[in-house]
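# Coordinates in review
Chain by chain, the residues:
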Amino acid sequence: MSVGFGIVGSGLMAGIYANCLSEDTTNTRLVAIAVGSRAPSLAAEHGVAHEPSLDSLLAREDIDAVVIATPHSAHLPETLAAAQAGKHVYLEKPMGLDKAECQQMIAACRSAGVRLTVGKITRRLEAPLEAKRMVDAGDIGTVRMIQVWRALEGGLPFEEGNWALDPKEGGPFLDWGSHGCDIVRWYAGAEPVLAFAQYARYGPAEKVDPTAFAQFTFANGVLAHIWMTYELPHAVMAGRARYIVIGSRAILEINAYGQVKRSRTDGWDVVYESPDWVSADEPWGYPNRYIRDGFARQVQDFADAIVEDREPEVTGEDGLKAVEMVQAATRSAETNSAVRLPL
């Protein structure tokens, strides 16, 4: 069976998913693209139909599933419409603006009998995957602490007027923090029970907060700290996407874009390095093979889940948990107090 996909949205992520469906996955068909000013040109680039509206895309019988890659505030109504139309739903992160939205999406998809997943690219890149295998195998002992860095210079990377700068879209810690929260929950192997966070903006031109410190306590005793900032003076921190997992016997240092190191008593061993690895401060790298393979893994799993009638590896509940953690952090930052989870 070949799974027919439509893409909702036409920005950066929509283009990545179009490439993925056209070139990097099997038993998938990119059928049509709708929504956004760039949708006609993106559809033409891939030789597929441009649909003038979400409704017309959802009405197509040759589309089995949709990839929703639109602003965060659009995810709920578009998912509800897709589920009502009987289409399986792949959501780009974050799943929604808050836990209540995520619950509505999960319920709608369950009621319609369609599959739901959320894009969690960090879980699909080989370096974080290798580290997860090591954690699960007990190679570093019992996990005790986790630190996640997302540290960039130059301010938020959006032009004036970009939708991501609109506070109604949830702010930077919802946008990237949903990745950070998902990754600490994934490595911790337990659910969070307590959150404390502070947000900041140091650049007077910023309209939303580009810096966040968030700490979580998990039910199994793991402590996790997430530091996100776009306000470094320059890129010397080796922290574009850096994760530290501290176990009872060893430490893992993970760069999401291609390297894993394991500590020893007198230094570090490189246990994984991607063929195109350069340094910890290199840009994201798409369309290099390492990043493309990560996107292919998650889209392929979703297509396979549809054909095999099973849950995808990343579920709607995983998407909800990440958003709930962000929501707890935001509530903590607003009240200057610890917040218990679940909300």
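Look up a bit, the structure's there.
Residues numbered from 1 in each chain as written. Predicted model: local features only at pLDDT ≥ 70, side-chain atom pairs only at ≥ 80, totals over all residues. Heavy atoms only, no water.

### Section: the environment of Arg 289
Condition: Helical segments are the DSSP runs of H or I of at least four residues, strand segments are the runs of E of at least two, and each set is numbered from the N terminus. The contact definition used throughout considers only heavy atoms, calling two residues in contact when any of these lie within 4.5 Å. Here a polar contact is recorded for every N or O atom pair within 3.5 Å, except that within protein the pair must consist of a potential hydrogen donor and a potential acceptor, and residues adjacent in sequence are included only if both atoms are side-chain atoms.
Within the secondary structure, Arg 289 sits in helix 10 (residues 289-308). Look past the residues within four positions of Arg 289 in its chain and what remains in contact with it is Asp 24 and Asp 276. Of note is the side chain of Arg 289, whose polar atom sits 3.2 Å from the side chain of Asp 24.

### Overview of the pairing of strand 7 (residues 143-153)
Selection rule: Pairing between two strands is assigned when DSSP locates at least 2 bridges connecting them.
Note that strand 7 and strand 11 (residues 242-247) share six bridges and pair antiparallel. Across the sheet, the residue bridging to Met 145 is Ile 246, located in strand 11.

### Side note on the side chain of Asn 19
Within the secondary structure, Asn 19 sits in helix 1 (residues 12-24). Leaving out residues up to four positions away in the same chain, Asn 19 has contacts with Asp 24, His 46, Tyr 286 and Arg 292.

### Notes on helix 7 (residues 126-136)
Heads up, the condition is: The buried label applies to any residue whose accessible area, calculated with a 1.4 Å probe on protein chains only, is under 20% of its type's maximum; exposed applies above 50%, and partly exposed to all values in between.
Where burial is concerned, most of helix 7 is hidden: eight out of the 11 residues are buried. Considered for burial, the residues of helix 7 that qualify are Glu 126, Ala 127, Pro 128, Leu 129, Ala 131, Lys 132, Met 134 and Val 135.

### Considering helix 5 (residues 99-112)
What counts is decided by this rule: The length a helix should cover is 1.5 Å for every residue beyond the first.
An ideal rise of 1.5 Å per residue puts 20 Å on 14 residues; helix 5 measures up with 20 Å between its terminal C-alpha atoms. For helix 5, the full list of buried residues reads Lys 99, Glu 101, Cys 102, Met 105, Ile 106, Ala 108 and Cys 109. For helix 5, the N-terminal cap is Asp 98; the gap from its side-chain oxygen to the backbone nitrogen of Ala 100 is 3.2 Å. At the exit of helix 5 stands Gly 113, carrying a positive phi of roughly 70°.

### Considerations on the sheet that holds strand 4 (residues 65-68)
Counted only if it meets this: Every axis corresponds to a line fitted to the C-alpha atoms, with the helix fit spanning only the stretch in contact, and the corresponding angles, defined between N-to-C directions, vary from 0 to 180 degrees.
One open sheet accounts for six strands, arranged 3-2-1-4-5-6; its pairing is parallel. What marks the edges here is a single partner per strand, and that holds for strand 3 (49-51) and strand 6 (116-118). Strand-to-strand, the axes of this sheet are offset by a mean angle of 25°, without reference to chain direction. As paired elements, strand 1 (residues 3-8) and strand 2 (residues 28-34) share six bridges and run parallel to each other. Each bridged residue has a counterpart across the sheet, and for Val 8 the counterpart in strand 2 is Ala 34. Strand contacts of helix 10: strand 1, strand 2, strand 4, strand 5 (88-91) and strand 6, with the helix running at about 165° to strand 5, the strand carrying the most contacts.

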